Amino acid sequence: MSSVPAMLERFPAETSAARDGLCAEILKLGPAAVREICGRVLAPGAGDDSKVRFTVNGLAVYVTRPGAESERALFVRALLASLSGSRDKNVAAFLLSQIQVAGKKESIGPLAGYLVDETLAGPAAAALRTIGGPEAARALLKSLDAAPPAVRSAIIKSLGELRSREAVKKIL
């Protein structure tokens, strides 16, 4: 997509209205453009990807506006696809933080798989906590036994903040 690099150069936008206009242009390019942008997030020390991160975050905020459900779903699918293909844990943690902003129920299953990863369980648990609801609580509870001891506290914290009654006996 030849237009993606040109779009990235326009971030960060001067105003929220300008950001929204740029995000609308990107989304018109379709899911492949969003995946390309997500694929340009770099591991720390690999280069300056600040414009890419501004763009991804701008999209995450933009798609959560009222009436943008189809754009939000497109964006989250692209994030999840990029997340599953990410080899760097820091890049994956950034993508998880953006799913935390824009994700809903469709993200619960994919996020649950990261709850057993020592590096990514914290960001995944935070995203599930933000998404909320009984399905997110069940995913957290189900992962508790398989989670590495170092990350169980993040899962327990999320369960507590979701006020999961099902978790009480298991946690005690």
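Structure shown above.
Residues numbered from 1 in each chain as written. Predicted model: local features only at pLDDT ≥ 70, side-chain atom pairs only at ≥ 80, totals over all residues. Heavy atoms only, no water.

Caption draft 1: Up close: the side chain of Ser-143. Relative to the helices and strands, Ser-143 resides in helix H9 (residues 133-143). Judged by relative accessible area, which is 7%, Ser-143 ranks as buried. Once you skip the residues sitting within four places of it in the chain, Ser-143 turns out to touch Leu-115 and Ile-155. (Helix = DSSP H or I, 4+ residues; strand = E, 2+ residues; numbered from the N terminus. Buried < 20%, exposed > 50% of the residue type's maximum accessible area, 1.4 Å probe, protein only. Contact = heavy atoms within 4.5 Å.)

Caption draft 2: Up close: the packing of aromatic side chains. One pass over the structure, following the stated rule, counts zero aromatic pairs. When the ring centre of Phe-94 is taken as origin, the NZ or CZ atom of Arg-53, which lies over that ring, is 4.6 Å away. Sitting above the plane of the Tyr-62 ring, Arg-65 keeps its charged end 3.8 Å from the centroid. (Phe/Tyr/Trp six-rings, centres within 6.5 Å; stacked < 30°, edge-to-face > 60°. Lys NZ or Arg CZ within 6 Å of the ring centre and 35° of its normal.)

Caption draft 3: A look at the packing of H9 against helix H10 (residues 152-161). Look at H9 against H10: their axes get within 10 Å of each other, and the N-to-C directions meet at 150°. For the element pair H9 / H10, the angle class is roughly antiparallel. Relative to H10, H9 is oriented so that their crossing is left-handed. Touching Ala-137, Leu-140, Leu-141 and Ser-143 of H9 are Ile-155, Ser-158 and Leu-159, all from H10. The class makeup of the residues in the contact of H9 with H10 is five nonpolar, two polar and no charged. (Axes fitted to C-alpha atoms, helices over the stretch in contact; angles between N-to-C directions. Parallel < 35°, antiparallel > 145°, perpendicular 65-115°, else oblique. Left-handed = near helix turned anticlockwise from the far one by under 90°. Nonpolar A, V, L, I, M, F, W, Y, C, P; charged D, E, K, R; others polar.)

Caption draft 4: Here's a closer look at the pattern of salt bridges. Throughout the structure, instances matching the rule amount to nine salt bridges. Across the salt bridge formed by Asp-20 and Arg-19, the nearest N and O atoms sit 2.9 Å from each other. Here Glu-36 makes a salt bridge to Arg-40, at a shortest N to O gap of 2.8 Å. For Arg-40, a relative accessible area of 31% translates into the label partly exposed. Linked by salt bridges that have partners in common, Glu-69, Arg-72, Lys-104 and Glu-106 make up one network. (Salt bridge = Lys/Arg side-chain N within 4 Å of Asp/Glu carboxyl O.)

Caption draft 5: Main features of helix H2 (residues 16-28). With 13 residues, H2 extends 18 Å between its outermost C-alpha atoms, agreeing within 8% with the 18 Å of an ideal straight helix rising 1.5 Å per residue. Of all the residues in H2, the buried ones are Leu-22, Cys-23, Ala-24, Ile-26 and Leu-27. Buried residues in H2 make contact with helix H1 (3-8), helix H3 (31-39), helix H4 (50-62) and helix H5 (69-85). One or two steps after H2, the chain reaches Gly-30, where phi turns positive at roughly 100°. (Expected span 1.5 Å × (residues − 1).)

Caption draft 6: Layout of the nonpolar core. Membership of the largest hydrophobic core comes to 56 residues, with the highest contact counts inside it found for Val-34, Val-56, Phe-75 and Leu-159. Setting aside anything within four residues of it in sequence, one finds Val-34 in contact with Ile-26, Leu-27, Leu-74, Phe-75 and Ala-78. (Core = buried A, V, L, I, M, F, W, Y, C linked by side-chain atoms within 4.5 Å.)

Caption draft 7: Examining the packing of H3 against H5 more closely. With their axes 9 Å apart at the nearest point, H3 and H5 run at an angle of 45° to one another. Here H5 runs oblique to H3, going by the angle between their axes. With respect to the hand of their crossing, H3 and H5 are arranged in right-handed fashion. Mapping the contact onto sequence places Pro-31, Val-34, Arg-35, Cys-38 and Gly-39 in H3 and Leu-74, Phe-75, Ala-78, Leu-79, Ala-81 and Ser-82 in H5. For the contact of H3 with H5, the per-class residue count stands at eight nonpolar, two polar and one charged.

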